[in-house]
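A closer look at the structure
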Amino acid sequence: MYIAMNRFRVNPERTQEFEQIWLERETHLQGLPGFVEFHMLRGPEKEDHVLYASHTIWRSREDFEAWTHSEAFRKAHANAGQSKREGLYLGPPSFEGFEVIQIVSEANDP
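Just so we're clear, the structure is a prediction, and the values are computed from it rather than from any experiment. (Residues numbered from 1 in each chain as written. Predicted model: local features only at pLDDT ≥ 70, side-chain atom pairs only at ≥ 80, totals over all residues. Heavy atoms only, no water.)

**Points about the sheet that holds strand β2 (residues 35-45)**
Operational definition: Think of it this way: DSSP has to see at least two bridges between two strands before they count as a pair. Counting from the N terminus, the helices are DSSP H or I runs at least four residues long and the strands are E runs at least two residues long. The axes are straight lines fitted to the C-alpha atoms, using for helices just the contacting stretch, and the angles between their N-to-C directions are given from 0 to 180°. In what follows, residue pairs with any heavy atoms lying within 4.5 Å of each other are defined as contacts.
As summarised here, the arrangement of the four strands in space is β2-β3-β1-β4, forming an open sheet in which the pairing is antiparallel. In this open sheet, the two edge strands, each paired with only one partner strand, are β2 and β4 (94-99). Across the sheet, the axes of successive neighbouring strands diverge by a mean angle of 20 degrees, strand direction being ignored. Sheet topology note: the strand β1 (residues 2-10)/strand β3 (residues 50-58) ladder contains nine bridges and is antiparallel. Paired with I3 across the bridge in β3 is I57. Strands β1, β2 and β3 of the sheet are contacted by helix α1 (residues 15-24), whose axis makes an angle of about 15 degrees with β3.

**Looking at the packing of aromatic side chains**
How two aromatic rings sit relative to each other is given by the distance of their centres and the angle of their planes. Using the following cut-off: Ring pairs are drawn from Phe, Tyr and Trp, using the six-membered ring of Trp, whenever the two centres fall within 6.5 Å, and their geometry is named by plane angle: stacked under 30 degrees, edge-to-face over 60, tilted for the rest. Buried, partly exposed and exposed residues are distinguished by accessible area as a fraction of the type maximum, computed with a 1.4 Å probe on protein chains only: under 20%, between the cut-offs, and over 50%, respectively.
Applying the stated criterion to the full structure yields 14 aromatic pairs. Between F18 and Y52, the aromatic rings sit 4.5 Å apart at their centres with planes inclined by 50 degrees, giving tilted as the arrangement. Highlighted residues: F18 in helix α1 and Y52 in strand β3, separated in sequence by 34 residues. Residue class for F18 comes out buried when judged on its relative accessible area of 0%. Exposure remark for Y52: the relative accessible area of 2% places this residue in the buried category.

**Section: helix α2 (residues 61-68)**
Quick note on the threshold: This arc corresponds to the set of directions leading from the helix axis out to the C-beta atoms.
Every buried residue of α2 is listed here: D63, F64 and W67. For α2, the angular spread of the buried residues around the axis is 100 degrees, confining them to a single face. For α2, the elements touching its buried residues are β1, β3, α3 (71-76) and β4.

Laid out in structure tokens, this is it:
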């Protein structure tokens, strides 16, 4: 399993706008080979930003990488650089990818 995360530092005065963009966007993820699930997470508020993270779970790193080269990826990110979003973010998103080494879940407990 592979987890792909992007961290976003969002202007505190524009968090509602940021959340609306994500809630209304077409993800183009359903039905893709290896896609498991997606989460958009709201994190702590700092003086100059609110931290958000997109959290996508894939069956494998290869499935994630295949998605990044797909038409679905291009469609999902088509409006990412729109000028009306200037000032929404404090810098570009920060990507982090993780190979899962352990899973503990309610279903796995004895």
